[in-house]
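Listed below, chain by chain, are the residues.
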Amino acid sequence: MITEITMPSMGADMTEGTVVKWLKSEGDSIQRGDKIAEIETDKTVVEMEVYTSGTLKKIIVEAGTKVSVGKLIAYIGDAEDELPNIADSDNTNEVASAKEEITENPETLQQSDDHSQELQTSIVSDISETSNDSRIKASPMAKRLAKEKGIDISLINGSGPGGRITKNDVISYSPSKSDQISLLNQNTFSGINSEDINLSTMRQAIARVTVKSKTQIPHYYVSHEIDMTDAMLFRGQINEVIAKNGDKISVNDLIIKSLVNSLVKYPKWNSYFSDNHLKVNNDVNIGVAIALDEGLIVPAIQKCQNLSLVDISKASKDLGLRARGEGGSLSQDELTNGTFGTSNLGMFGTNVFAAIIVPPQSGILAVGAVIQKPVVRDGKIVVRSIMNATVSADHRVGDGAEAALLMKEIQNNLENPMNLLV
C-alpha cells in the first residue's frame, strides 16, 4: 500500500518547512520511527520521523526546497506497489513553480535555505547582491545572518564554490584590525538611527506564537517565595556522590523534577483545553526554554515521569546541546509534544518574572535567581537562600486555587528535597 509522506507541522505557528537533507535514499527500507529527512522550520532544524514501514519509493521534493505544511514530499510503499501519476500533482507543480520563480526572480533566493546546495549552486553562481557597490556571492542564510549580526558581508572571505560566502563563514568571521578601523569610521555616532529593523524568520515565528498565546489563552499568575537553602545543600551533597560518573545536578534540574512530581500529583495541569473539554496527556513532557542567538525555543524532555533526578539532568544537558546544534538535532516530538513549560532567568540575575504559555500547554513555571536574604524563622532573623517562582496558568484548565495547590506542591518538593529522589 502506497503512503503519502507530507511536510509535517512542527508547531502551532509553522506554515512551511524546508527539506534540508534526505537521510534515506529511494529504494531504502524504512521502519516506523526511522528519521528520513532533516526539516528546517522558522526556529530550528528537526529530524523528521515516519510513522509507517516499507520502501522509500519516491522522493518528490529535492533537498533545499521549501514547501507548505501538508504538501507531498515522498512516497513509501511495498516493493511491488506502483506509484500514482505524480506528474499532475499539485505539489509537483508547486515545486516546479518555485524553481521557475527562483530562476526568474533572484530575490526569491532570500527565502530559500543555506543547505540547499544542489538546487542553488547552479543558480547562485550567476546571482549576486549589491553591497557597497560591489557584487557579493553569498547564500541566502549567510546574508540573513550577516544582517542580523550587523556584519558588512563584503568583509567576509567565502569558503564555498567560487568564493561564495556560507553561513559558517559568517559565524566564524572575526574582523581584522583594518576591518575594525573601517567599521569604526562607518559607525561614528551621528544620532539615533531611525531605520526599521527587519525581523529574522525565527523572531517572526516567536511573534506569531506569543500573540496567539496571549490572545487565545486566558493567563493568570500565582507566585511563591521558595526557601532553597536545603535544596542547595542537597544539591552539593548529591553532586559529590555522582561526580565520579561525570554527572552534575543543576538548580534547574531540581526545579524540573519538583514540577514533574507535582504534575503527577495534580494531573489536571498535565492536560490542555480543546473543543470545550480537557485532553489529558499520557506523559509528562517538560518544555525547557532555551535562548539561542536567533531567538527562543522550548523543546521538551520526554516522559519525565519515568526519569530520576540524574536522568533529568542528563536529558536536559543533551537537549540544550542539540538545540544549539551540537551532537545532533532536535526531534519532531521534542518540539511539539511538550505538556508544561519551564523558564529560568536566574542566570541573568532576574529575581521575578512571568512567562508566556506555549500553546496548547496549560502552563509554564518561571523561576528567578536563588539569592540570600534575611527572613524570619521561629521569631528570629536568619539568612536563607530564596527563589521566586511564578506559574502562568490557563484559566480554562483550572482556577487560582488549583494553581496555588500546584505551586504549593512545587514549593514543598524543593523545601524538602528528599522528595526529589522519589
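What you are looking at is a predicted structure, and each value in this text was computed from that prediction instead of being measured. (Residues numbered from 1 in each chain as written. Predicted model: local features only at pLDDT ≥ 70, side-chain atom pairs only at ≥ 80, totals over all residues. Heavy atoms only, no water.)

Colleague: What is the right way to read the overall build of the chain from this model?
Modeller: The secondary structure content of the chain amounts to 11 helices and 21 strands. A sequence separation of at least 24 residues applies to 61% of the contacts in the chain between residues at least 6 apart. Here the chain displays about 21700 Å² of accessible surface, and carbon together with sulfur accounts for 49% of that area. (Helix = DSSP H or I, 4+ residues; strand = E, 2+ residues; numbered from the N terminus. Contact = heavy atoms within 4.5 Å. Areas by Shrake-Rupley, 256 points an atom, 1.4 Å probe, with all protein chains shown as cover.)

Colleague: Explanation requested: the sheet that holds strand β4 (residues 35–40) in the structure shown.
Modeller: Sheet strands pair via backbone hydrogen bonds, and the direction of the pair is either parallel or antiparallel. Here we have five strands laid out as an open sheet, ordered β7-β2-β4-β5-β18, and mixed in their pairing. Bordering the open sheet on either side are β7 (65–68) and β18 (330–331), each of which pairs with just one other strand. The sheet contact formed by strand β5 (residues 45–49) and β18 spans two bridges and is parallel. Bridge pairing in β18 places Val46 opposite Leu330. (Pairing = 2+ DSSP bridges.)

Colleague: How should I be thinking about the environment of Leu292 in this particular structure?
Modeller: Along the polypeptide, Leu292 turns up in the loop between β15 (290–291) and β16 (296–297). With 28 residues separating them along the chain, Leu292 and Gly320 place their C-alpha atoms 9.9 Å apart. Beyond its immediate sequence surroundings of up to four residues, Leu292 is in contact with Met202, Ile297, Ala323 and Arg324.

Colleague: Help me understand unusual backbone geometry in this model?
Modeller: Trans peptide bonds make up the majority, and among non-glycine residues the majority have a negative phi. Cis geometry marks the peptide bond from Pro359 to Pro360; its omega dihedral reads 0°. Mapped onto the secondary structure, Pro360 falls in the loop between β19 (340–344) and β20 (363–377). Even without being glycine, Lys303 reaches a positive phi, approximately 50°. With respect to the secondary-structure elements, Lys303 resides in the loop between β17 (300–301) and α9 (309–323). Classification of Lys303 by relative accessible area gives partly exposed; the value is 42%. (Buried < 20%, exposed > 50% of the residue type's maximum accessible area, 1.4 Å probe, protein only.)

Colleague: How should the sheet that holds β19 be read in this particular structure?
Modeller: Read across the sheet, six strands follow the order β11-β21-β20-β19-β14-β17 without closing on themselves; strand pairing throughout is mixed. Pairing within the sheet leaves two strands with one partner each, and these edge strands are β11 (219–227) and β17. The strands that helix α11 (residues 400–415) touches are β11, β19, β20 and β21 (380–394); relative to β11, the one it contacts most, it runs at about 25°. (Axes fitted to C-alpha atoms, helices over the stretch in contact; angles between N-to-C directions.)

Colleague: Help me understand the pattern of salt bridges, please; the structure alone is not making it clear to me.
Modeller: Opposite charge on two side chains lets them pair, provided their charged atoms get close. Here the structure, examined in full by the defined rule, presents 13 salt bridges. A salt bridge links Arg322 to Glu334; its shortest N-O distance comes to 2.7 Å. Note that Arg322 is positioned in helix α9 and Glu334 in helix α10 (residues 332–336), a separation of 12 residues in sequence. As far as the burial class goes, Arg322 and Glu334 line up, both buried. The closest approach of N and O atoms between Arg396 and Asp394, which form a salt bridge, is 2.9 Å. In this structure Arg396 comes out as partly exposed when scored by relative accessible area, which is 33%. Look at the salt bridges and you will find they share partners, linking Asp227, Arg377 and Arg384 into a network. (Salt bridge = Lys/Arg side-chain N within 4 Å of Asp/Glu carboxyl O.)

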